[in-house]
Amino acid sequence: AATGRVNIFDQSGTCVGSTSMTNTPTGAAYHAPSDSILVTYSGNSSISAHNISTGAQSPASAIYTSAVQLNTPRAIAADAAGYIYVGSDGLDQVI
């Protein structure tokens, strides 16, 4: 069952992973090169990678944290080459 703030579901709608990460998750995107779900958190201006099978944050700490360069991220996308694009509400730009 979905119990966390970030929940990952399989194609049948079954929750396969959940994490209780806080800090206001605001965007999510699939990152093919790492087979992870990338999540932006506006509460601490960070990006975390989550294991596609378990929902657990992998690595254990955020992969990027900087309120100066990524202030209040709201949206995230990844292209086929693995480049990541983040919409920063606090800076009013796409990084």
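A quick note: this is a predicted structure, and the numbers were derived from the prediction, not measured.

1. Examining the overall build of the protein
At step 1: Along the backbone of the protein there are zero helices and nine strands.
At step 2: Secondary structure of the protein in N-to-C order comes out as β-β-β-β-β-β-β-β-β.
At step 3: Judged by the C-alpha coordinates and their principal axes, the protein covers about 35 × 30 × 20 Å.
At step 4: Expressed as a percentage of the 95 residues in the protein, the buried residues total 34%.

2. Description of the nonpolar core
At step 1: Counting seven residues, the largest nonpolar core is built from Ala 29, Leu 38, Ile 47, Ala 49, Leu 70, Ile 76 and Val 86.
At step 2: Among all residues touching Leu 38, those that are not within four sequence positions of it are Gly 27, Ala 28, Ala 29, His 31, Ile 47, Ser 48, Ala 49, Ile 63, Ile 76 and Ile 84.
At step 3: One finds Val 6, Ile 8, Val 39 and Tyr 41 within the second-largest nonpolar core, a separate group that totals five residues.

3. Some details on the pattern of salt bridges
At step 1: By the definition in use, this model includes one salt bridge.
At step 2: Across the salt bridge formed by Asp 89 and Arg 74, the nearest N and O atoms sit 3.5 Å from each other. Linking Asp 89 in the loop between β8 (84-88) and β9 (93-94) with Arg 74 in strand β7 (residues 73-78), this pair joins segments that are 15 residues apart in sequence.
At step 3: By relative accessible area, which is 49% here, Asp 89 ends up partly exposed.

4. Section: the sheet that holds strand β4 (residues 36-41)
Note on sheets: strands pair through backbone hydrogen bonds, and any given pair is parallel or antiparallel.
At step 1: Strands sit in the order β3-β4-β5-β6 across an open sheet of four strands; the sheet is antiparallel. The open sheet has two edge strands, β3 (25-31) and β6 (64-65), and neither has a second partner.
At step 2: Here strand β5 (residues 46-51) pairs with β6 via two bridges, running antiparallel. Of the residues in β6, the one forming a bridge with Ser 46 is Thr 65.

5. Some thoughts on the environment of Gln 93
At step 1: Summarising the element assignment, Gln 93 is placed in strand β9.
At step 2: Each C-alpha atom, one on Gln 93 and one on Thr 72, is 11 Å from the other, the two residues being 21 residues apart in sequence.
At step 3: If we ignore the near neighbours within four places in the chain, the residues touching Gln 93 are Val 86, Gly 87 and Ser 88.

6. As for the environment of Ala 75
At step 1: Tracing the sequence through the fold places Ala 75 in strand β7.
At step 2: A relative accessible area of 40% places Ala 75 in the partly exposed class.
At step 3: Those residues in contact with Ala 75 that sit more than four places away from it in its chain are Thr 40, Tyr 85, Val 86 and Gly 87.

Conventions we followed
Residues numbered from 1 in each chain as written. Predicted model: local features only at pLDDT ≥ 70, side-chain atom pairs only at ≥ 80, totals over all residues. Heavy atoms only, no water. Helix = DSSP H or I, 4+ residues; strand = E, 2+ residues; numbered from the N terminus. Buried < 20%, exposed > 50% of the residue type's maximum accessible area, 1.4 Å probe, protein only. Core = buried A, V, L, I, M, F, W, Y, C linked by side-chain atoms within 4.5 Å. Contact = heavy atoms within 4.5 Å. Salt bridge = Lys/Arg side-chain N within 4 Å of Asp/Glu carboxyl O. Pairing = 2+ DSSP bridges.

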